[in-house]
Amino acid sequence: MAGIEHRQVDGDEAGMRLDRWFKVHFPGLGFGPLQKLLRSGQIRVDGARAKSDTRIQPGQTIRIPPLGVDSKEAKTGPIAGRDLRHSPDSELLSRMVLHEDAKVIVLNKPAGLAVQGGSGVNRHIDQMLEAWTNQRGEKPRLVHRLDRDTSGVLVIARTRGAAQKLTAAFRERDTKKTYWALVKGVPRKREDRISTWLVKEQTPDGDRMRIAKHGEDGADHAISYYRIREQAAQNLAWLEMEPYTGRTHQLRVHALHIGHPILGDPKYFDADINWSLPGGMQNRLHLHARHIDIPHPDGGRLRVTAPLPPHMVQSWNLLGFEENEPGEDD
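Residues numbered from 1 in each chain as written. Predicted model: local features only at pLDDT ≥ 70, side-chain atom pairs only at ≥ 80, totals over all residues. Heavy atoms only, no water.

Caption draft 1: Quick look at the packing of aromatic side chains. Evaluated as defined, the whole model comprises nine aromatic pairs. Here Trp 21 and Phe 26 contribute two aromatic rings whose centre-to-centre distance is 6.4 Å and whose plane-to-plane angle is 50 degrees, an arrangement assigned as tilted. Exposure remark for Phe 26: the relative accessible area of 3% places this residue in the buried category. Taken together, a centroid distance of 5.7 Å and an interplanar angle of 85 degrees make the contact between Trp 316 and Phe 321 edge-to-face. (Phe/Tyr/Trp six-rings, centres within 6.5 Å; stacked < 30°, edge-to-face > 60°. Buried < 20%, exposed > 50% of the residue type's maximum accessible area, 1.4 Å probe, protein only.)

Here is the structure:
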């Protein structure tokens, strides 16, 4: 058992409740023992007593007494920015794992980590998977992608055969991918289907997708579905979105197309000069691949859910949204 420890709150954890912080870093610590440590003052924030609902801020120091549990038990949950820069590949990948078996690995990709290489990309999942090359020299394979700033469920195949079957499932649309997004304003319809044509264009800030006309050269048809899960007055809405097709930036462009861009989107967020991000929220993309339902290479269905990244946990806390609502199909 370790002695007293002091940890500094990371920038990605701004506004997080203290009890959620302990759930992330010490998943083996139960609710009862945590409450007892808080009541007795053994857990402190910047030297002061704290409660389970205390909101922590970057730079604050949390006093952690001997807990009898190992913080390294956590293989899932939010990963701080410093981890993305300094943790070894194998360790970082292990912390992302949501599911693994002989054929499939499912990761909870952190926001800010690229899936594949590209301009200005120093570290990416595809390169990191070299650390998991097996004794036969076989490296796990990507079977789909997420945007760099999008967090959440990412499926990896352990073998060539598994990769072929999983890739076919994505190609034949025998998968159900559910995303959560926080958008500006509230759509008029509680749920709807969005159908457009999209085309890629070059801009000074890199590739960008735009709505195109039917038949326009290079345009692809894109279909998405959404429903409103919760809203904060008429200012913000929590959308559950499902892409039927898999075009680049599809959900981000479709959110803009219906007049409700995703908060923190550096490419597609469009707001007038009188609008500002609500206080306490980070200006980062609020789009998360929450759930996937996909055929397993060995038969049956694989269903996996990914917890929200820290900046979205912070926003959900500020808005009073509950991440695990009753009836959610996890």
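Having put the structure on the table, let's press on.
Caption draft 2: Looking closely at the pattern of salt bridges. The full count for this structure, using the stated rule, is 21 salt bridges. For the salt bridge of Lys 139 with Glu 130, the shortest nitrogen-to-oxygen distance reads 3.7 Å. Taking the relative accessible area as the measure of exposure, Glu 130 reaches 49% and is therefore partly exposed. One salt bridge in this structure joins Asp 293 and Arg 303, with 2.9 Å as the shortest N-O distance. Of this pair, Asp 293 sits in strand E14 (residues 287-295) while Arg 303 sits in strand E15 (residues 301-305), placing them ten residues apart in sequence. Three or more residues joined by partner-sharing salt bridges are found here, namely Asp 174, Asp 293, Arg 301 and Arg 303. (Salt bridge = Lys/Arg side-chain N within 4 Å of Asp/Glu carboxyl O. Helix = DSSP H or I, 4+ residues; strand = E, 2+ residues; numbered from the N terminus.)

Caption draft 3: Local environment of the pairing of strand E6 (residues 104-109). Taking burial as the measure, the six residues of E6 include six buried ones, the bulk of the element. Burial of E6 is two-sided: the residues Val 104, Val 106 and Asn 108 facing one way and the residues Ile 105, Leu 107 and Lys 109 facing the other way are all buried.

Caption draft 4: Spotlight on the nonpolar core. Among the nonpolar cores identified, the biggest contains 34 residues, and Leu 93, Met 96, Leu 107, Ile 125, Leu 154 and Ile 156 are the most heavily contacted of them. Beyond its immediate sequence surroundings of up to four residues, Leu 154 is in contact with Ile 105, Val 106, Leu 107, Val 115, Ile 125, Leu 142, His 144, Arg 145 and Leu 146. Counting residues in hydrophobic clusters, the runner-up holds 29 residues, among them Leu 29, Leu 34, Leu 38 and Leu 67. (Core = buried A, V, L, I, M, F, W, Y, C linked by side-chain atoms within 4.5 Å. Contact = heavy atoms within 4.5 Å.)

Caption draft 5: Spotlight on empty space enclosed by the protein. In the structure shown here, the tally under the stated rule is one cavity of 30 Å³ or more. If you add up the space inside the largest cavity, you get close to 40 Å³. Forming the boundary of the largest cavity are His 144, Leu 146, Val 153, Lys 177, Tyr 179, Ala 289, His 291 and Ile 292. Of all the secondary structure elements, the ones that give two or more residues to the lining of the largest cavity are strand E9 (176-184) and E14. (1 Å grid on protein atoms, 1.4 Å probe; cavity = no way out; pocket = protein on both sides within 12 Å on 5 of 7 lines; lining within 4 Å. Points joined across faces, edges and corners; volume = space filled by probe spheres on them.)

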